[in-house]
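Observations on chain architecture
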Amino acid sequence: MRGLSQITDNAIIVMLGASGDLAKKLLYPALFTLFRRDLLPKQIHIVGYARSKIDHDDFITQVSSDLKDPGDDPSFSEQLEKFKTILSYVSGSYDDGSAFDELNRYLEKIESNYSTPEHNRVFYLALPSNVFVQIAKHLKKRVYSNRGANRLVLEKPLGSDLESAQELVKGVSQFWPEEQTFRIDHYLGKEIVKNILALRFANSFTSGFWDNNHISNVQITLNESFGTEGRGGYFDSAGIIRDVIQNHLCQMLSILTMERPTSLTPKETINEKLGVKLLRAIRPVQREDVLLGQYEGYLDDSGGVPFILKAGKALDENRVEIRVQFKDNPEGLYDDDEQLCRSELIMRLKPGEAILIKLNIKSPGFDTGVIPAELKLDYKEAFPDVFIPEAYEVLLRDVLRGDHSTFVRDDELIAAWKIFTPILHWAEGKDGNKKPSPIKYAFGSRGPEGLDKFLAKFGSKD
Ligand code: NDP
């Protein structure tokens, strides 16, 4: 894949699905933050597009209601008024070619006021994926800029199993080359996830110990204390594997296990990353690797390091973290000490971004035994004045910069679905066997009974 150039001027971002929740709650706020920080191209317009008929003023009111004043920017109101002037909305269908012709004419009218003939267009599909292929076709045939860069951004979920993901990739690729396609997994834009490579490859104490001689197991956890909250219908058909495991947790697994890239350029990182090689080497999840409650686990090849992917709703905590548990010290000098703990490296995304190292120290004072202690780098405390962007701010900026390293490549998406599709079909009773019953657990509890025993099977120790 050739590198793309950065879009610095004369751009229009077309937000398809602009009437929806994602656009209003996350995408327009992210664009506004980039606008306030002067990180958008110089001449820029953002055109919302969806079927709903919404007049201009109502649309601006809708969008503005989610642009919250952080209270640390005296020019906020002034910036908001300026931002409103670059927003507009066009109503049209997703399957009618003439509606896209009209959209194209609308964009050309805006561009006629741009100062140079280069016109760049970014199309963000904040929509259910069943309309992606038809929209991709109309955009390519009717709204594509012949005078500049074109980029197509596809929001997740990207398919619901291997077959549908393959259809989606093939359908879109008939019209859009991979180089111009950006598939979202917003976890790739999160600060702590972006930090994994630096932690691994900028420190000899981690790179030197990153193997099965030293690591007992790795746990990647995404626990939510809330339930499906009105999204029960969606969740019934999606389930936790599709919702967060096949995408977010699998992406973190890839970065944790990828080989060292030869350089940090997006191309090298993607090639090594998000370790398509690695994902391809993982055998599909087997039934014995799974505890089905609201929790799923997955085990790498025997002999390797077990990776345990845990995710659930309605649990007793909101916690997203990667926990690398090191093996017990073979020297064993303190083995009899009851307080001896497992050494761990923890990368915490929630609550509060932090890097922690759990280790044993001599009990302070006259005592010669050991006690567990924690070294903690809390991002808020350590970097109080640094602006740490939200994931969608990172990703939208990367689309404009032409940096694919925070997006999901076609072969990577397929490799991830290959791992999880057999177990999804089993969980849904689509593999010819009786649909298994998940182990029930109480709202707000630690999860299904047997969880600790299941984790211990893979070497996990508290
Ligand atoms: P919405 O259901 O609000 O859909 C967005 C817009 O798409 C709607 O306003 C509607 O616009 C149009 N739409 C809805 N259903 C259909 C359909 N069946 N066929 C064609 N158009 C449809 O979704 P969200 O905005 O919440 O999310 C958009 C996508 O992003 C979804 O796939 C979602 O799963 C995903 N997502 C959402 C997140 C969120 O926090 N909301 C987070 C991460 C991903 P109109 O009728 O005006 O055309």
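Parameters and conventions
By convention here, each chain's residues receive numbers from 1 onward along its written sequence. Local features in a predicted model are, by the rule used here, given only for residues with pLDDT of at least 70; side-chain atom pairs are given and counted only at 80 or more, and totals for whole chains, interfaces and linings are based on all residues. Just so you know, side-chain values use all the structure's heavy atoms and leave hydrogens and water out. For patches, a residue must show more than 30% relative accessible area and have no salt bridge; joins then use 9 Å for like charges and 5 Å for nonpolar side chains, namely Val, Leu, Ile, Met, Phe, Trp and Tyr. Computed with the Shrake-Rupley method and a 1.4 Å probe, the accessible areas treat only the protein chains shown as cover for residues. For this document, the term salt bridge refers to a Lys or Arg side-chain nitrogen within 4 Å of an Asp or Glu carboxyl oxygen. The helix count covers DSSP runs of H or I at least four residues long, the strand count covers runs of E at least two residues long, and both are numbered beginning at the N terminus. Nearness of a residue to a molecule or strand requires only that one of the residue's heavy atoms be within 4 Å of it. Counted as a polar contact is a pair of N or O atoms within 3.5 Å, where, for protein atoms, one must be capable of donating a hydrogen and the other of accepting one, and residues adjacent in sequence contribute only when both atoms are in side chains. Gly is placed with the polar residues, together with every amino acid not listed as nonpolar (Ala, Val, Leu, Ile, Met, Phe, Trp, Tyr, Cys and Pro) or charged (Asp, Glu, Lys and Arg). UniProt positions are given in the numbering used here, feature names are shortened, and annotations may be inferred rather than shown by experiment. Type-normalised accessible area, obtained with a 1.4 Å probe on protein chains alone, sets the label of each residue: buried when under 20%, exposed when over 50%, and partly exposed for intermediate values. Axis definition: a line fit to C-alpha positions, over the contact stretch in the case of helices; interaxial angles, taken between N-to-C directions, run 0 to 180 degrees. Working rule for angles: under 35 degrees goes down as roughly parallel, over 145 as roughly antiparallel, 65 to 115 as roughly perpendicular, anything else as oblique. In this scheme, a crossing is called left-handed if the near helix is turned counterclockwise away from the far one by less than a right angle; it is called right-handed if the turn is clockwise. The contact definition used throughout considers only heavy atoms, calling two residues in contact when any of these lie within 4.5 Å. The criterion for strand pairing is that DSSP finds at least two bridges linking the strands in question. The arc in question is traced by the directions running from the helix axis to the C-beta atoms. Place the viewer so that the strands point away; then a crossover is right-handed whenever the path from the first strand over the helix to the second strand goes clockwise.

**Focus on a nonpolar patch on the surface**
A cluster of nonpolar side chains, contributed by Leu333, Tyr334 and Leu340, occupies part of the molecular surface with about 310 Å² of accessible area. Note on placement: tyrosine 334 falls in the loop between β9 (319-326) and β10 (344-350).

**Here's the deal with the site of the ligand**
Near the ligand you find 16 residues, and of these Ser19, Leu22, Arg51, Ser52 and Tyr94 are the closest. Aspartate 21 is positioned with one of its backbone polar atoms (N or O) 3.0 Å from an oxygen atom of the ligand. Here tyrosine 94 contributes a side-chain N or O atom positioned 2.6 Å from an oxygen atom of the ligand. Starting from 860 Å² of accessible surface for the ligand in isolation, the protein chains cover 68%. Each residue belonging to the shell around the ligand can be placed in one class, and the counts come to nine nonpolar, three polar and four charged.

**Considering the UniProt feature "domain: Glucose-6-phosphate dehydrogenase C-terminal" (unreviewed entry) in the chain**
UniProt tags residues 197-298 and 304-459 as "domain: Glucose-6-phosphate dehydrogenase C-terminal" (unreviewed entry). Counting secondary structure, residues 304-459 comes out at 26% helix and 25% strand; the distance between its end C-alpha atoms is 12 Å.

**Structural notes on the pattern of salt bridges**
Summed over the entire model, instances satisfying the criterion amount to 24 salt bridges. In this structure, glutamate 224 engages lysine 313 in a salt bridge whose closest nitrogen and oxygen atoms are separated by 2.6 Å. In this pair, glutamate 224 sits in the loop between β7 (215-223) and α10 (232-257) while lysine 313 sits in the loop between β8 (307-312) and β9, placing the two residues 89 residues apart along the sequence. Between aspartate 328 and arginine 342 there is a salt bridge whose closest N-O contact spans 3.0 Å. Taken together, the residues span a long stretch of sequence, with aspartate 328 in the loop between β9 and β10 and arginine 342 in the loop between β9 and β10 at a distance of 14 residues. Exposure remark for aspartate 328: the relative accessible area of 39% places this residue in the partly exposed category. Classification of arginine 342 as buried rests on a relative accessible area of 7%. Here the salt bridges do not stand alone but share partners, grouping Glu317, Arg319, Glu321, Arg323, Glu344, Arg348 and Lys358 into one network.

**A look at the packing of helix α6 (residues 162-173) against helix α15 (residues 410-427)**
Relative to each other, α6 and α15 sit at 165°, their axes nearing to 9 Å. Compared by their axis directions, α6 and α15 come out roughly antiparallel. As for how α6 packs across α15, the hand of that crossing is left-handed. Along the contact surface, α6 presents Leu162, Ala165, Gln166 and Val169, while α15 presents Asp410, Leu413, Ile414, Trp417, Lys418 and Thr421. By residue class, the composition of the contact of α6 with α15 is six nonpolar, two polar and two charged.

**Notes on the environment of aspartate 185**
Among the secondary structure elements, aspartate 185 is positioned in the loop between β6 (181-183) and α7 (191-194). On the basis of relative accessible area, aspartate 185 is assigned to the buried category, the value being 2%. For the pair formed by aspartate 185 and glutamate 155, sequence separation is 30 residues and the distance between their alpha carbons is 7.6 Å. Residues in contact with aspartate 185, not counting those within four places in the same chain, are Asn247, His248, Gln251, Leu395, Thr406 and Val408. Among the polar contacts listed, one links the side chain of aspartate 185 to the side chain of histidine 248, at a separation of 2.7 Å.

**Topic: the sheet that holds β7**
Either a parallel or an antiparallel arrangement is found when strands of a sheet pair, and the pairing is made through backbone hydrogen bonds. With mixed pairing, the six strands of this open sheet are ordered in space as β8-β7-β9-β10-β11-β12. Of all strands in the sheet, those bounded by a partner on one side alone are β8 and β12 (370-378). Across the sheet, the mean angle separating the axes of adjacent strands is 15° when strand polarity is ignored. Relative to β9, β7 runs antiparallel, the two being bridged by eight bridges. Counterpart to leucine 222 in the pairing with β9 is valine 320.

**Some points on helix α2 (residues 56-64)**
Considered for burial, the residues of α2 that qualify are Phe59, Ile60, Val63 and Ser64. Mapping the buried residues of α2 onto a view down its axis gives an arc of 130°, with all of them on the same face. Structural note: α2 exposes Asp57 and Thr61 on the side pointing more than 90 degrees away from its buried face. Tucked into the core, α2 has its buried residues touching α1 (21-36), β2 (44-50), α3 (76-84) and β3 (87-91). A distance of 3.2 Å separates the backbone nitrogen of aspartate 57 from a side-chain oxygen at the start of α2, and that oxygen is part of aspartate 55.

**Details of the pairing of β2**
Within β2, six of the seven residues are buried, which leaves it mostly tucked inside the rest of the structure. Note that strand β1 (residues 11-16) and β2 share six bridges and pair parallel. Note that in β2 the partner of leucine 16 across the bridge is tyrosine 49. Between the parallel elements β1 and β2, the chain passes through α1 in a crossover that is right-handed. In the sheet, β2 pairs with β3 via five bridges, with the strands oriented parallel. Bridge assignment links glycine 48 to a residue of β3, and that residue is tyrosine 89.

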